[in-house]
Amino acid sequence: MSKNALITGSSKRIGKSVAVHLATQGWNIVIHYNESSNPALELAGSLSARYPEQVFKTLHANLFFPDEVEKLILSANGELGTLDLLINNASVFEAGYIADTSLELLKKQFVVNFEAPFILMRDFKKSCKKGNIINITDTRITANKSNFAAYSLSKKVLWELTKMAALEFAPDIRVNAIAPGVTLKSVHEDEDHLLRLARQIPMKKPGGLEPVLKSIDFILGNGHLTGQLLFADGGENLGINP
């Protein structure tokens, strides 16, 4: 049985951890990147050295440009053979209340966080015919806090697309989503900031990457699961503790 995966934004952070995790389970992986060519090549090289019987390739695409996105699935199929798994992990995350959000910011968030996954899901259906799609959303989709308005809206729409695609693509393709919460510190903040955020959620600590990785395992291992959202957020979607 083939195990070929494309993970967008997988040269670093959550995407990199997902790639490493799936590699331990025998997956061949296309590591997608935009600007992080060196980390992508280093990851592919290290995984190839550890798992010489598996295949690890890198592909570049700027998800802001639809013509580049539309080449990704066919290119990944060319590198590995037909894909069995698409993980839409890559996203842009920029602050801005509704009143302060420019059309440029709104467009960027929606093009990368929603339009690109839409194209990839559509093309996966056309080219691969069967398999799994996992969309990484955000626990923010359950709330109406607007400090990251455009980002949050793009992830809300991605979740709606997940359900719609799950219905249309069944039974050959299962489509599910994972919503992380306080997981990793921002590149712009320190560890103390992450800990302060975590003290407000029910579990009182950052989740780290393990809840996301275990959620992926659960989705892949449950062949009757589709159109579902797994919250890997320590209960953050329930609300902030008083």
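Now for a quick tour of the structure. (Residues numbered from 1 in each chain as written. Predicted model: local features only at pLDDT ≥ 70, side-chain atom pairs only at ≥ 80, totals over all residues. Heavy atoms only, no water.)

**Brief notes about the overall build of the chain**
Now for step 1: When helices and strands are counted, the chain shows seven helices and seven strands.
Now for step 2: Beginning at the N terminus, the succession of helices and strands in the chain can be written as β-α-β-α-β-α-β-α-β-α-β-α-α-β.
Now for step 3: Reported as C-alpha extents along the three principal axes, the dimensions of the chain are approximately 50 × 40 × 35 Å.
Now for step 4: Classification of the 242 residues of the chain by burial places 46% in the buried group.
Now for step 5: The contacts of the chain with a sequence gap of at least 6 include a subset with a gap of at least 24, amounting to 72%.
Now for step 6: Summed over all atoms, the accessible surface of the chain reaches about 12000 Å², with 55% contributed by carbon and sulfur.
Now for step 7: A distance of 4 Å separates the average location of the 26 positive side-chain charges in the chain from that of its 25 negative side-chain charges. (Helix = DSSP H or I, 4+ residues; strand = E, 2+ residues; numbered from the N terminus. Buried < 20%, exposed > 50% of the residue type's maximum accessible area, 1.4 Å probe, protein only. Contact = heavy atoms within 4.5 Å. Areas by Shrake-Rupley, 256 points an atom, 1.4 Å probe, with all protein chains shown as cover. Lys, Arg positive; Asp, Glu negative; His and termini not counted. Charge placed at Lys NZ, Arg CZ, Asp CG, Glu CD.)

**Some points on the packing of aromatic side chains**
Now for step 1: Considering all chains together, one arrives at five aromatic pairs under this definition.
Now for step 2: Where Phe-64 meets Phe-65, the ring centres are 5.8 Å apart and the plane angle is 80 degrees; that geometry is what we call edge-to-face.
Now for step 3: The partly exposed category is assigned to Phe-65, whose relative accessible area is 39%.
Now for step 4: Taken together, the ring pairs connect Phe-93, Phe-148 and Tyr-151 into an aromatic cluster. (Phe/Tyr/Trp six-rings, centres within 6.5 Å; stacked < 30°, edge-to-face > 60°.)

**Comments concerning the pattern of salt bridges**
Now for step 1: All told, the structure shown has five salt bridges when counted by the stated rule.
Now for step 2: Residue Lys-108 is joined to Glu-94 by a salt bridge in which the shortest nitrogen-to-oxygen separation is 3.1 Å. Of this pair, Lys-108 sits in helix H4 (residues 103-128) while Glu-94 is found in the loop between strand E4 (85-88) and H4, placing the two residues 14 residues apart along the sequence.
Now for step 3: Lys-108 sits in the partly exposed class, given a relative accessible area of 34%.
Now for step 4: Between Glu-210 and Lys-214 there is a salt bridge; the shortest N-O distance is 3.0 Å. Linking Glu-210 with Lys-214, this pair stays in helix H7 (residues 210-221), spanning four residues, or about one helical turn.
Now for step 5: With relative accessibility at 48%, the residue Glu-210 sits in the partly exposed group.
Now for step 6: If you follow the salt bridges from partner to partner, you end up with Glu-70, Arg-122 and Asp-123 in one network. (Salt bridge = Lys/Arg side-chain N within 4 Å of Asp/Glu carboxyl O.)

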